[in-house]
Amino acid sequence: MGIIERIKEIEAEMARTQKNKATEYHLGQLKAKIAKLRTQLLEPPKGSSGAGEGFEVTKYGHGRVALIGFPSVGKSTLLTLLTGTHSEAASYEFTTLTCIPGIIHYNGTKIQLLDLPGIIEGASEGKGRGRQVIAVSKSSDIVLMVLDASKSEGHRQILTKELEAVGLRLNKRPPQIYFKRKKTGGISFNSTGPLTHVDEKLCYQILHEYKIHNAELLFREDATVDDLIDVIEGNRKYMKCIYVYNKIDVIGIDDVDKLARQPNSVVISCNLKLNLDRLLAKMWEAMGLVRVYTKPQGQQPDFSDPVVLSADRGGCSVEDFCNHLHRSLVKEVKYVLVWGMSARHYPQHCGLSQVLQDEDVVQIVKKKEKEGEGKGRFKSHSNDPARISDRVKKAPLKN
């Protein structure tokens, strides 16, 4: 029996099992088995060598956004409108068969937008090149899930289910669970508050399912069984997702208002070019890019070419800013002057731990090099080696 058949068999068993206090331990073990099998499904087959079949493109710009959705929902048209890159669009499904990149120039930054082929139900199992599409989306900063506003809400649930099956968690934060494997000592279970979804016995059963008998486990919040399995697996990626409802020009105003009021959602029309500016603003807000301008000493700030930082790509502190310019710059910094939203007064003397905000101006003051020192007996520094064995021996005197 293959992995996919075993997953379907366990899912059928979970569907016919009643959910109550007596069966929660059994359901927890079944969830752990499914998570293990799905992890095996994502691993490359044994004995394979070389690069796998895919359409990964080189990262470019200050951020990456992936377009995911069913076929014929308007992904290629949206890419053409936002970037100017031509992506073939037609009235039949699966027009786009490979990954087509484009560049959005917004607020002085360059954001890479990827038009991916449409995915169908069962993409996490490999149907319709679904695994390659989802693998590219994993390397993105945020996901734009393009949906047809005239279709049912079930499309959004199907896409979310397919992405979660391969370890993507949309608009969620990592669970506050501390987990560490140990060599000896058994399982140490603790929690900082009351737990309503799991108990100690259920955690022990899930850990034994993973053949973990020595570990340290600490719950800092009221987490669920799925959160515990995600922490044990350790290969989950938590990403922000914006739900983009296209084709609002074919539905009523009441339906548009209902869709627009949902969290993390934007309604647009590629045909009439409606609300595209709001989509760009929402995308910029979700990516959390920070533009920092440099100011040379005694000169005006350079507002033409900002240094773009991100919390997901290295951090937004002064130290990260210096490392972005040059790795050796951190050792030469004496102090930093900052103008902008992160400063309490203008200018503010800051250290390397100061967190910068969007459109801050930074001036770096380096340590002064030591000037030429005195000569002879006034010389305070000797060029002689520290060890006697390293000194050059004088030539013997001639008789």
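Refer to the structure above for everything that follows.
Only a predicted model underlies this, so the values are computations on that prediction, with no experimental measurement involved.

(A) Representation of the layout of surface pockets. Of the volumes computed, that of the largest pocket is approximately 670 Å³. R38, E164, R169, D226 and D230 are, among the 25 residues lining the largest pocket, the residues nearest its centre. Sorting the residues of the lining of the largest pocket by element identifies α1 (3-15), α2 (24-42), α5 (154-165) and α7 (225-233) as the ones contributing at least two each. Tallying contributions element by element places α2 first for the lining of the largest pocket, with six residues.

(B) Molecular detail of unusual backbone geometry. Cis geometry marks the peptide bond from Y346 to P347, where omega comes out at -15 degrees. Among the structural elements, P347 can be located in the loop between β13 (333-339) and β14 (348-350). In this model, N171 sits at a positive phi of 55 degrees, which is unusual for a non-glycine residue. A relative accessible area of 32% places N171 in the partly exposed class. We note that K211 has phi near 60 degrees; this positive angle belongs to a residue other than glycine. The class of K211 is exposed, set by a relative accessible area of 68%.

(C) Representation of the pattern of salt bridges in the model. Considering all chains together, one arrives at 13 salt bridges under this definition. Between R156 and E153 there is a salt bridge whose closest N-O contact spans 3.7 Å. Owing to a relative accessible area of 16%, R156 belongs among the buried residues under this scheme. Note that K366 is salt-bridged to E332, the shortest N-O span being 3.4 Å. Of this pair, K366 sits in strand β15 (residues 360-366) while E332 sits in helix α11 (residues 329-332), and the two are 34 residues apart along the sequence.

(D) Spotlight on the sheet that holds strand β11 (residues 289-294). Here we have five strands laid out as an open sheet, ordered β12-β11-β15-β13-β14, and mixed in their pairing. The open sheet has two free edges, formed respectively by β12 (302-310) and β14, since each of these has just one partner strand. The average angle at which neighbouring strand axes cross in this sheet is 40 degrees, direction not considered. Sitting on the sheet, helix α10 (residues 318-325) is in contact with β11, β12, β13 and β15, with an inclination near 115 degrees to β12.

(E) Representation of the side chain of D115. Examined against the element boundaries, D115 turns out to sit in strand β3 (residues 109-115). Summary of buried charges: D115 has no salt-bridge partner, and the nearest side chain of opposite charge, K75, is 5.4 Å away.

(F) Seen up close, the side chain of Q363. Within the fold, Q363 resides in strand β15. By relative accessible area, Q363 is classed as buried at 8%. Within the structure, the side chain of Q363 is placed 3.2 Å from the side chain of K295, a separation counted as a polar contact. With residues up to four places along the chain from it excluded, the contact list for Q363 reads K295, P296, Q297, Y335, V336, L337 and W339.

(G) Inspection of the packing of aromatic side chains at higher detail. Counted according to the given criterion, the structure contains three aromatic pairs. Centre to centre, the rings of Y106 and W284 are 5.9 Å apart; their planes meet at 65 degrees, and the pair counts as edge-to-face. Here Y106, found in strand β2 (residues 100-106), pairs with W284, found in helix α9 (residues 276-287); they are 178 residues apart in sequence, far enough to count as distant. Ring centres of Y293 and F303 lie 5.0 Å apart, and the angle between their planes is 65 degrees; this geometry places the pair in the edge-to-face category. A residue pair is termed long-range when its members are at least 10 positions apart, and Y293 in strand β11 and F303 in strand β12 qualify at ten residues. Using a relative accessible area of 8% as the deciding quantity, one classes Y293 as buried. With a relative accessible area of 55%, F303 lands in the exposed category. The ring of Y210 is capped by K36, whose NZ or CZ atom sits 5.8 Å from the centre of that ring. Positioned above the aromatic ring of Y25, the side-chain terminus of K201 is 4.6 Å from the ring centre.

(H) Summary view of the environment of A281. Among the structural elements, A281 can be located in helix α9. For A281, a relative accessible area of 27% translates into the label partly exposed. Distance from A281 to Y106, taken between C-alpha atoms, is 9.2 Å for residues 175 residues apart in sequence.

(I) Here's a closer look at the nonpolar core. Counting 56 residues, the largest nonpolar core has L78, L144 and M283 as the members making the most contacts within it. Sort the elements by how many residues they give to this core and α9 lands first, with seven residues.

(J) The pairing of β11, seen in detail. Within β11, five of the six residues are buried, leaving the element largely enclosed by the surrounding structure. Bridge analysis of β11 against β12 gives five bridges, and the strand direction is antiparallel. Looking at the pairing, V290 lines up with L309 of β12. Sheet topology places β11 next to β15; three bridges connect them, and they run parallel. The residue of β15 that forms the bridge with Y293 is V361.

(K) Helix α3 (residues 75-83), seen in detail. Restricting attention to buried positions, one finds in α3 the residues K75, S76, L78, L79, L82 and T83. Angular distribution of buried residues about the axis of α3 spans 160 degrees; they occupy a single face of the element. Of the residues one or two after α3, G84 is the one with positive phi, at around 85 degrees.

Calculation notes
- Residues numbered from 1 in each chain as written.
- Predicted model: local features only at pLDDT ≥ 70, side-chain atom pairs only at ≥ 80, totals over all residues.
- Heavy atoms only, no water.
- 1 Å grid on protein atoms, 1.4 Å probe; cavity = no way out; pocket = protein on both sides within 12 Å on 5 of 7 lines; lining within 4 Å.
- Points joined across faces, edges and corners; volume = space filled by probe spheres on them.
- Helix = DSSP H or I, 4+ residues; strand = E, 2+ residues; numbered from the N terminus.
- Buried < 20%, exposed > 50% of the residue type's maximum accessible area, 1.4 Å probe, protein only.
- Salt bridge = Lys/Arg side-chain N within 4 Å of Asp/Glu carboxyl O.
- Pairing = 2+ DSSP bridges.
- Axes fitted to C-alpha atoms, helices over the stretch in contact; angles between N-to-C directions.
- Contact = heavy atoms within 4.5 Å.
- Lys, Arg positive; Asp, Glu negative; His and termini not counted.
- Polar contact = N/O pair within 3.5 Å; in protein donor to acceptor, adjacent residues only side chain to side chain.
- Phe/Tyr/Trp six-rings, centres within 6.5 Å; stacked < 30°, edge-to-face > 60°.
- Lys NZ or Arg CZ within 6 Å of the ring centre and 35° of its normal.
- Core = buried A, V, L, I, M, F, W, Y, C linked by side-chain atoms within 4.5 Å.
- Arc of directions from axis to C-beta.

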